[in-house]
Amino acid sequence: MTTSPGGHDWVWWRDGVLYQIYPRSFSDSNGDGIGDLRGITGKLDYLQWLGVEGIWINPITASPNDDWGYDVSDYCAVHPELGTLDDLDDLIAEATERGIRVLLDLVPNHSSDQHSWFADALQSPTSSKRDYYVWADPAPDGGSPNNWVNTFNPGASAWTLDTVSGQYHLSQFLASQPDLNWWNDDVRDEFDRIFRFWYDRGVAGFRLDVCHAVVKDRELRDNPPTEADDHWYTRMYGQRFVYNTNRPEVHDVIRRWRAVADSYADPRVLVGETYVLDSNAYAAYYGNDDELNLAFNMILLHARFDATEMRTAVESAEALLPATAWPTWTGGNHDNHRWATRWCNNEPAKIRAAMLMLMTLRGTPFLYYGDEIGMPDTDVPEPEILDPVGHMFGPRMGRDNERTPMHWNAASGAGFSDPGVVPWLRYGDHEACNVAAQVDDPQSMLALTRRLIKLRRESDDLRRGAYTSIPTGDDTLAWAWRRGESTVVAMNFGAIPVTIDDVFGTVALSTDSGSTNREGHVIAGTITLSAHEAIVVVSQ
Ligand code: GLC
Ligand code: CA
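Residues numbered from 1 in each chain as written. Chains lettered and ligands numbered in written order. Predicted model: local features only at pLDDT ≥ 70, side-chain atom pairs only at ≥ 80, totals over all residues. Heavy atoms only, no water.

(A) Molecular detail of the overall build of the protein chain. Tallying secondary structure elements over the protein chain gives 17 helices and 21 strands in all. By the compact-globule yardstick of 24 Å for 540 residues, the protein chain fits well, its C-alpha radius of gyration being 23 Å. Overall, the protein chain is about 75 × 50 × 50 Å in size when its C-alpha atoms are taken along their principal axes. Relative to its full complement of 540 residues, the protein chain shows a buried share of 61%. Within the protein chain, counting contacts between residues at least 6 apart in sequence, those at least 24 apart form 67% of the total. Accessible surface, the protein chain: about 19,900 Å² in total, of which carbon and sulfur atoms supply 50%. On the protein chain, the mean spot of the 44 positive side-chain charges and the mean spot of the 79 negative ones are 4 Å from each other. (Helix = DSSP H or I, 4+ residues; strand = E, 2+ residues; numbered from the N terminus. Rg over C-alpha atoms; globule rule 2.2 N^0.38 Å. Buried < 20%, exposed > 50% of the residue type's maximum accessible area, 1.4 Å probe, protein only. Contact = heavy atoms within 4.5 Å. Areas by Shrake-Rupley, 256 points an atom, 1.4 Å probe, with all protein chains shown as cover. Lys, Arg positive; Asp, Glu negative; His and termini not counted. Charge placed at Lys NZ, Arg CZ, Asp CG, Glu CD.)

(B) Quick look at the sheet that holds strand β19 (residues 498–510). Pairing is antiparallel across the open sheet formed by 6 strands, whose spatial order is β16-β17-β18-β21-β19-β20. The two strands at the open ends of the sheet, each matched to only one other strand, are β16 (467–470) and β20 (522–529). For this sheet the average axis-to-axis angle between neighbouring strands, irrespective of direction, equals 45°. Judged from the 4 bridges that link them, β16 and strand β17 (residues 478–483) form a sheet pairing that is antiparallel. The residue of β17 that forms the bridge with Tyr 467 is Arg 483. (Pairing = 2+ DSSP bridges. Axes fitted to C-alpha atoms, helices over the stretch in contact; angles between N-to-C directions.)

(C) Expanded view of the nonpolar core. Membership of the largest hydrophobic core comes to 142 residues, with the highest contact counts inside it found for Tyr 19, Leu 47, Trp 257, Trp 343, Met 357, Met 406 and Trp 479. The leading source of residues in this core is helix α13 (residues 348–360), at 8 residues. Both of domain 1 (112–179) and domain 2 (467–538) provide at least three residues apiece to this core. The contact partners of Met 406, leaving out residues within four places of it in the chain, are Tyr 19, Ser 25, Phe 26, Tyr 46, Tyr 369, Gly 370, Glu 372, Ile 373, Met 375, Ala 414, Phe 416 and Val 435. Core analysis: the second largest hydrophobic core is formed by 14 residues, Val 498, Ile 523, Ile 527 and Leu 529 among them. (Core = buried A, V, L, I, M, F, W, Y, C linked by side-chain atoms within 4.5 Å. Domains from an automatic or database assignment.)

Okay, here's the thing in structure tokens:
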């Protein structure tokens, strides 16, 4: 812990900005078209320049890649395409020198069917690892043991028949991703060892994949049907996830993980993929400061880009989170189309405003690689689809579009790989949007992102100040909020100018990139924001 300029104790995961890296797509160090750990190490100077204090890397562990790393065949080995344990040690050492922490991604809900545990489990109902997974006898009609549906495919059962034993095993994602049985103490012990294996190498913490779902109802009861006013995401499945996710006992498991993380002199940090769309359930994952340190807020991620939905998402979390909990905000990740496209329709003014929003809410912002340059989605045509969800439902429904290589420059290879190399997923339009073209342009998106990170670093209000909503003339278009004593953020979601009253101070930053930019202007009560403009005003 260091002390910030303003005197608060500085905690890297609360005060810093964190950055998600999809390792296959960040930087390819050896010209095979696949990003790797050495590639990430080579970009640490850039990340330090940008000002991020931690990176979360999607799974780097051994995997047959049916679900691109989220099907783990060995929890303590690095995938050879991504590098070696030595490469990770080097990455951590180099990152530490630059004040950057390294978080990995752990997948405790399921393994790959190629994991040695599952190979053993398949041997017979009495084999030693059988009970590492969730098995059940068929229903009386011979079908699936209950009505749980597959997360990837709402039309399919979550159960897969093992024809040898006649029992079903649960796999809520791909059939080749069998769910682990967290009622089994041996599974809990295995994961304690896995956590420690990586913590002992200097890993600063984990992003925990679908951590709200690891414990299933012991009696495997049927889920009830959805109701008309349920969230659209839940309605898509036709059933409420009552018995297969969010079980009360999952909190015991998370407390156990937290105890392991806290047992280190330099406590490690747990970031949960809490894919729950109910604010009460979401808030519970922080526990009494004894569960997750940060829990991803999917309600904001899935909100429409308008003042009402965004404000509601933020204010419901603000109202429900326990006093000890620290929010975290992100607009996107490797499972959702990039927010530059999804929220902002690739319109620069909106992209700039959205970035300002993410950086000025109360809580830790997570950027997804490329967000800082306003990188849009890339259309990946049908024959090139690699994501299993894209295979099932077609290009736009899949997740390849947000996973294409980082745009470092306009040259052949995009600065990602050597010229002429065919990357694992096609390049997007890297001539139109790339780091090299933006790095020296003070009006660029990259410059804006970097200034926001700096402003946040220098402002106790922006890092720690309380959030208070400010009424605006038109609440459907504008959203304004106070952070701490002396900072006001105001944002116009609409395409027509909007006036906001009771704002006093100096414009420290505006997303307006034109000659109308008002930075440095003194606001004495009223400000009119231009289309999609967002500003930070500081009084003192
Ligand atoms: C999480 C991951 C996603 C993966 C799924 C199954 O939602 O973020 O990429 O496909 O879990 O592991
Ligand atoms: Ca490579």
